[in-house]
Structure formats: structure tokens, C-alpha cells
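Analysis of the macromolecular model
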Amino acid sequence: MRSKQPAEKGVKTMPDDLFVRGEIRTSKVDELRVVHRPLPRHDQLEKVLGTTRYAGDFSLPGMLHARLVRAQVPSARIVRRDVSEACGVPGVVAVLLGEDVPHNTIWIDVPGQGVRVSALRASMEVLATERIRFHGEPVALVVAESEDALARACQLVEVETEPLPVVATPEEALAADAPEVHPGGNLLAEWRIDRGDVEAAMAEADVVVEGDYRTQLVDHAYLEPEAGVAWIDQGVLTIRVATQVVEHYRDVARLLGIPESKVRIIAPYVGGGFGGKEDMTVEPYVALAAWRTGRPVRMQWTRDESLLARAKRHPMQMSYKTAAHADGTILGHDIEIVADGGAYAYLSALVLLYSSVHACGPYRTGAVRLRARCAYTNNPPTSAFRGFGGMQVVFAYESQMNRLAQHLGIPAGEIRKRNALVRGDVLPVGQRIETEVLLPQTIDAVLERVGPKAPPSGPRKAVGRGIASNMQSYGRLVWLNDSASAWIGLEVDGSVTVRCGVPDIGGGQASSLAQIAAEVLGTAIDDVTVHFGDSSLTPLAGTTTATRQLLMSGNAVYVASSMLKEQLLGAVSADLGDPVDSLRLENGAVVGPTTSVTLADALASCRRRKISTEALGTFFGPGGMRAVETELSTDRVFPDFTFGTHLCDVEVDLDTGKVSVLRYVAAHDVGRAINPRSVEGQISGGAVQGIGMALLEEVQVEDGVNLTGGLFQYLLPTFTDVPDIETVVLESGEGLGPFGARGIGEPPIGPPSAAVTAAVADAIGAWPEQLPLTPERVLALVAAPSAATGKEPR
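Values in this document were obtained by computation on a predicted structure and should not be read as measured data.

**Describing the sheet that holds strand β15 (residues 227-233)**
Pairing is mixed across the open sheet formed by seven strands, whose spatial order is β5-β11-β3-β18-β15-β16-β17. Strands with a single pairing partner mark the edges of an open sheet, and in this sheet they are β5 (92-96) and β17 (263-266). Neighbour to neighbour, the strand axes of the sheet diverge by 20° on average, direction disregarded. In terms of strand pairing, strand β16 (residues 236-241) meets β17 through four bridges, oriented parallel. Looking at β17, one finds that Arg240 is bridged to Ile266. Each of β16 and β17 touches helix α6 (residues 249-256); the most contacted strand, β17, lies at about 145° to it.

Here you go:
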């Protein structure tokens, strides 16, 4: 990281009750001993050495291999399937069709809850039997002794189809005469917000800025492909799989028609998820194959398969009209959002809900009219992706803020601070902001780090600077009444065991739990062992999604650790006669006014007095009594929000259209950094992923056919494409997580697309409205800037 630079003259400094410790801006938390320290994660050594055993690295004696036969067309009726030749290939054990699945339906529930959301009206077949709705849809499952036999057999499965019309875009899907992707129409979901008089706001405004923005189809592109192994052990179907949701054991049990207690899911360390392993991937297929054959079965998708058929980020079209006074005060928004849900619903209705709630950004807004729709098409399905709908709208509302600032001649940071939400403000959906908002401080933080823009590196080069802020919820929708549990036990030697069902998807989820337990119990983090991600042997903690695990499992571990602490101190107090409140846990001992007792001796005291040396803690998140309706108006949708600001400098080659990112600074209020090193990693990773979406990444689909067949066609940012991300971590102590932490997994991916776009616009004098900003699109803007600057503000 670069060293901190002095603040520019005139830049507002941090409040007096906050101070800077290195690169961590924090409130006074000197009493913390383990939490708030940049400790090495307990999994880092094995990952650096390459010894971590991911899902695809696991094997068992006598293991079979499985592969899917996928549809080669995006829309068709299945006329005939013939697997006879495939079954005759030496080494083939089984070729299964939809009729071979006991219950050939996957219901799209809210992951981990077993709650079916009526708005989703969502289900899909495990293996298609009559209708193909997207290119790559599974039609047959081949199980064989070897990968070679699999390859030969898959080529011999015959699937005869009758072409049907392809619905290629949401506009086509929502037309009155559109072919139906599903019976009942192509409107998958719809949300509306009506607050105040939008027409009056537009009439009163000194300026109205309009923009039409488009985001693209994006793949998760995680390092680890989808993989898993299933086997039967003492009558229990066990699946060791790369997943963000161990609670999918319920879905597997349902499709096999067996009790939920007969299915166990183990989530080892996951090599990246970003939402792509929130829905089931290989689980139904390895489960079906193992259940039918009675032998262990392994499946691992190729990168081509993942790019072809895995659900992706929703492309969105967003039309904004923003009304404001001459001083920059926002009077109202008129917003229309149309999302492409692809062939199956998955979590599209909820993604669109997130887009709707976040659509006005971290700003006070007088009047809002929002219409959001999501349509079925014959494109690849879309579902959860880091940011979960809150990310796409940042590109739109921040582009509006930057264009408004430009038109009014107000600095981009200043116009944001004038409109920033504060505690007590009410969002357009009706939710009141209940915690401190340090958005102005994040703006000042990024501005403090940079001086004037660098000069161009040569002729026909232009340099620009852009800024973007965002708010992103953390924790699930409150009406799901979320909960998480954790078990803490003290071993005879004084070491601590934590059991919690959290899947660790690479963000340090398990390590954070170890730090929390060590802090509360006054022991060294090296004496804490965390067992995680097992639906049968660890208390369920819910999904590693929605930036919820620190809030939920973190608080569950805090609750359980506090319970165990009370039990230990109570036993020692009874033995020594010292008041409980005079005792404390410190350095692996119970310390009192006159004596110190080791944890091992404290455990003995508990045993003598029949006091438990373990504790099960459950944390219940903020709840709600009812689900939101199509008309979004409710007192609470999410537990809380995380706020941040990013600043980007770019250089544009005016002859080639190439955009080079010169400098990138990101600041977020994380409430409290449980591990500053992990926090900085999340911010840096989210920023790089967002830069990739801004400049490079797009899954190309033409008439429903996915043309992106490998990473040679899907461009990802490398270290040559991005500079070091400069992170500034602010700590208000206002989060709902343990020690006042806020979630930081998803928020950093929001601002990059808008910050990069604003920087490009600053460089070339034209406003891009479509992502990614490929050289071709940038050159078109340079050649004809007036054609791409949007509608002139009035």
C-alpha cells in the first residue's frame, strides 16, 4: 500500500473522536486484544503451499465419475431421447433421464430457509424432459468408471428436438405478442415504489438530468470450478461440495424423496463463490448418481460448462430522471428498471427487490417513482452475484450524480455530501436509517489521498478522474427472520473448540470466528480451532451470502463465547469467594484481584460444581412480521447498510480507445475491523472485480446461444490491468455485528463501474452509458461525443 499523503487544503478532516492508526481509521479500541489486529488467517499457510483440499481434490476408492449432457439449442421441444448406444459404452454404469429422478423438480427456495417465496413462482427440472429453455440446460446424466468412458458416452446420447421461437431480450419478452418462455407469461417479477409527487418535483426543479444505462451479463469466474463428491455412509447420503449453502441438504432430500436427516452436506474451503455457489450446482446430480448406484460419485464442471450454464449476473436497463435545485439538492427520481432473468427464476425476484430498495443510493430523495420488472428470456439463467442487484444500480445513480454535479458546476464530492443520508433519514421504501452514516467522511478520505491529476503520458492521451459512492445492505431481508447458531467448548488442556455451520468461501469467515472467540475468552487465537461447514456435525449458521456471516455467525459465536465465559467465571468465583465482576479472562487464565487460575483449573472447577464447559449460542437477526408486497412500502427491509466511496484516475488512448487505470482509492466505514488485513483484502478484491465489470467482462450471447466458450474469450483483469488498490478503513463502531462491525463482503464491488465511467467521461468529454467500456465503445464516444452524452439536462 502507498503511504498516507497529507490532506489537501480545504479538505474536511475526520471528527475529533476518530483518529488514524496506520491505515486504519478507528475509534478508541485499545482494550481489544485479538479483535482488530491484522492477524494471519489460520488457513493462509496451507493455501500458499497449495495443500488445501478443495471439493474437486477429494476422492474415494471405487469412485465413479459423472457428467451432464446439455442442450445445444436455447429453445426447443424435446421429441425423442435415446441412450441405448451410450449405455453400451464399456465402463458406463448408468445413463439417467428426468424420469429416473424420484422428484424431478428443484424448487427455488430462499437458500437455507426452506421458505418458498411465492413471488418467485420458480421451479425447474433436474433433467429436462419435454422443454429446453436455454443453451446448456441439463438433459441427461452419464455415470461411468472413467472420464474417457464419460466422454464417449455423452457423445452418443441422442436428443432430438423441435425448434421453438427464441425470446432473446427482455423487451421482446414483455411485448404483448411474445412467445411464452413459461406458461403464464414472461413477467417474472415486478416491484414498485411511489413516494411523494414526482411530477411536482420535476416541475419545481432547476435542472433535470436524464440517462439510460445498461449493464451486461457477467460470469462469477471464480478460481475453483463447480465440483463435489457424494457417497453413502451408514445409510446417510453425504456430499462434499463447493457450496455457499450447506442447508441444501433439504433440497437434495426433497428431490430424492428421503428424510432430510438422511442427507449430509460438507463444505470444505471454497475457492471463490461470489453468489455463484449459492444455488445448487453439482449437488442434485452427484446425489442422484450415488443414490442410484450405491457407489461414490464425483462431478466437476469444466470451465466451458461453468461459462455456458452457470447462472450469472443480471443484465439491466435502467432509465433515470433526476430533479434537483441549483444548489444540488435532489428533489426526486423517476426510475425504470428492466432486468433479464434468463430461462429460470432462480433468485431474480429478490435480486430485483434489492435493486429497487437501493436504486436511489445513499442520498436523501424527496419524491420517487420506481417501476422495476424482470422478464424470462431464453438466455442463460441469472441469479445471485456479489452485490445482489444493489451493484448494477450504483452505475446508474452515481452516473446521475456525476452528471448533475458537472451541469451545476459543483464538485462531485460536495454534491454527494450535501445530499448524504444521516441517521434518522427514511429511505424511499420506508426504512429508517438507525446507525451512523460516515459517507461524507469516506468522500473526504479518498480526496485526502490524492493530489492533482497526473499529466497525460504522451500526445493523444487524456487523463480523467471519477468518484462514486454507494450503500449496500448487509444481512438478509428481515422478514426471513434470520438466525445462526454456534457451539463453543473448552477442552481439558484449556484450548477452545468452535463449531459453526458457516461455509468459508475464501473471505476468512472461519478465522473471524476464531478471533471473536479468542477475544471474549481471553485466550490466544492459536488455541482456538474452528470446525465449519457441516450440516450434520456443526450447528447451522445459514448461508455465506448477503454479507451476513459476520453479522449472524459472528454474533452467534460472540453469544456462545459470552455464555461460556459466564459459566467459567461463575465456577471460579464460587471456588475463590471473589465477586464475579472482579474476575476476568486474560492470557489463558481467570484473573482475579489476588490470584490467577488457568483455564484448565477453571474447567476442573466447573466439573466439580456440575457447570457445563460448553455453550450453544443462537443469534436472531432483526426480524419482520410480513414479507414486502409488490408496492414497496415497509418500515424495514434490511438489518443495516454499509457506506463507501471510491476514486479512480484513468488514462484514455484517444487513438485506440484503451482505458488504463492509473490510481484507485477506496474508503468504507466497516463499523469495526475484526481483522484489518481481511477487511483490506475484501475491499481490494471487490474493487478489482468491479473494475473488471467496468472495462472487460461480458458473456456474449446471440439469439440465446452462449458464444463465450472459455477464459480466452472472457476477459478478466490481471495485475497488469489494475494498480495497487489503496484502501482507507473507517470505523464508526456503529455496525450490528460483533464489536460494532458492519459487513464488507459485497459493498466494495458497487462503486467501481461508476467511478471508472466518470473518469473516462472526464477524460474524453462524453458520458458512457453502457458497460463494459470496451475500446470500440470508447472510440465511438471519442469520434462522436454528442451522440453518447445522453439527453441534455434541462
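**Looking at a negative patch on the surface**
A surface patch of negative charge is lined by Glu491, Asp493, Asp526 and Asp527. By the element assignment, Asp527 lies in the loop between α13 (509-521) and β25 (528-532). Exposure remark for Asp527: the relative accessible area of 38% places this residue in the partly exposed category.

**Brief notes about the sheet that holds strand β4 (residues 76-82)**
Within the open sheet, the three strands sit side by side as β10-β4-β12. Their pairing is antiparallel. Two strands lie at the open edges of the sheet, namely β10 (131-132) and β12 (158-163), each paired on one side alone. As paired strands, β4 and β10 are joined by two bridges and run antiparallel to one another. Paired with Arg77 across the bridge in β10 is Arg131.

**Focus on the pairing of β16**
The element β16 is largely enclosed, with a buried count of five among its six residues. Examined bridge by bridge, β15 and β16 share six bridges and lie antiparallel to one another. Looking across to β16, one finds that Gly228 is bridged to Val241. Once β15 ends, the chain turns through two residues before running back antiparallel as β16, passing Gln234 with a positive phi of about 55°. In the classification by handedness, the crossover that spans β16, the intervening α6 and the parallel β17 is right-handed.

**A word on the confidence of the model for the protein**
When pLDDT drops low, the exact placement of atoms in the prediction is not to be read closely. Averaged over every residue, the pLDDT of the protein is 93; the share at 70 or more is 94%. Here residues 1-27 is modelled with pLDDT under 50, and outside its nearest four sequence neighbours on either side it reaches 70 contacts, counting other chains as well.

**Regarding the pattern of salt bridges**
With the rule as written, the count across this model stands at 45 salt bridges. Across the pair Arg403 and Glu769 runs a salt bridge whose closest N-O atoms are separated by 2.8 Å. Placement of Arg403 in helix α10 (residues 392-408) and of Glu769 in the loop between α17 (751-764) and α18 (775-783) is noted, with a sequence separation of 366 residues between them. The residue Asp444 makes a salt bridge to Lys417 at a minimum N-O spacing of 2.8 Å. Of the two residues, Asp444 sits in helix α12 (residues 439-449) while Lys417 sits in helix α11 (residues 412-419), which places them 27 residues apart along the sequence. We classify Asp444 as buried; its relative accessible area is 2%. The network of salt bridges with common partners includes Arg80, Asp82, Glu158 and Glu160.

**Digging into the packing of aromatic side chains**
Pairs of aromatic rings are described using the distance from one ring centre to the other and the angle between the two planes. On inspection of all chains with the given rule, the structure shows nine aromatic pairs. Feature note: the residues Tyr354, Phe388, Phe638 and Phe641 constitute an aromatic cluster, connected by ring pairs. Over the ring of Trp301 we find Arg70, and its NZ or CZ is 4.7 Å from the ring centre.

**So, the environment of Arg313**
With respect to the element layout, Arg313 can be found in the loop between α8 (303-309) and β19 (316-324). Take Arg313: its relative accessible area is 2%, and that puts it in the buried class. For the pair formed by Arg313 and Pro380, sequence separation is 67 residues and the distance between their alpha carbons is 9.9 Å. Beyond its immediate stretch of four places on either side in the chain, Arg313 contacts Gln216, Leu217, Val218, Thr382, Phe385, Arg386, Phe388, Met391, Gln392, Met693 and Ile749. A polar side-chain atom of Arg313 sits 2.9 Å from the main-chain carbonyl oxygen of Arg386.

Parameters and conventions
- Numbering of residues starts from 1 in every chain and runs along the sequence as written.
- It should be noted that, the model being predicted, local features are given only for residues of pLDDT at least 70 and side-chain atom pairs only at 80 or more, the latter also being counted only at that level, while totals for whole chains, interfaces and linings use all residues.
- Neither water nor hydrogens contribute to the side-chain values; these are computed over all heavy atoms in the structure.
- By this definition, two strands are paired if DSSP reports at least two bridges between them.
- Only DSSP runs of H or I covering at least 4 residues are called helices, and only runs of E covering at least 2 are called strands; the numbering of each starts at the N terminus.
- Here the axes come from fitting lines to C-alpha atoms, over the contacting stretch only for helices, and the angles between their N-to-C directions go from 0 to 180 degrees.
- What makes two residues a contact is simply this: any of their non-hydrogen atoms within 4.5 Å.
- For patch building, the residue pool is restricted to those with more than 30% relative accessible area and no salt bridge; the joining distance is 9 Å between like charges and 5 Å between nonpolar side chains (Val, Leu, Ile, Met, Phe, Trp, Tyr).
- Calculation of accessible area relied on Shrake-Rupley with a 1.4 Å probe; when residues are assessed, cover is drawn exclusively from the protein chains displayed.
- By definition, a salt bridge exists where a carboxyl oxygen of Asp or Glu is found within 4 Å of a side-chain nitrogen of Lys or Arg.
- Residues counted as positive are Lys and Arg, residues counted as negative are Asp and Glu, and His and the chain ends are not counted.
- The atom standing in for a charge is NZ when the residue is Lys, CZ when it is Arg, CG when it is Asp and CD when it is Glu.
- Exposure is judged per residue with a 1.4 Å probe applied to protein chains only, and the accessible area is read against the type maximum: over 50% gives exposed, under 20% gives buried, and values in between give partly exposed.
- When the strands point away from the viewer and the connection leading from the first strand across the helix to the second strand turns clockwise, the crossover is called right-handed.
- Confidence of the predictor in every single residue is expressed as pLDDT, which spans 0 to 100.
- Only Phe, Tyr and Trp rings take part, Trp by its six-membered ring, and two of them pair if their centres are within 6.5 Å. Stacked means planes under 30 degrees apart, edge-to-face means over 60, and tilted covers everything else.
- Criterion for a charge above a ring: Lys NZ or Arg CZ within 6 Å of the ring centre, and within 35 degrees of the ring normal.
- Distance and chemistry together define a polar contact, namely a pair of N or O atoms within 3.5 Å, with one atom able to donate a hydrogen and the other to accept it when in protein, and with adjacent residues in sequence counting only for side-chain atoms on both sides.

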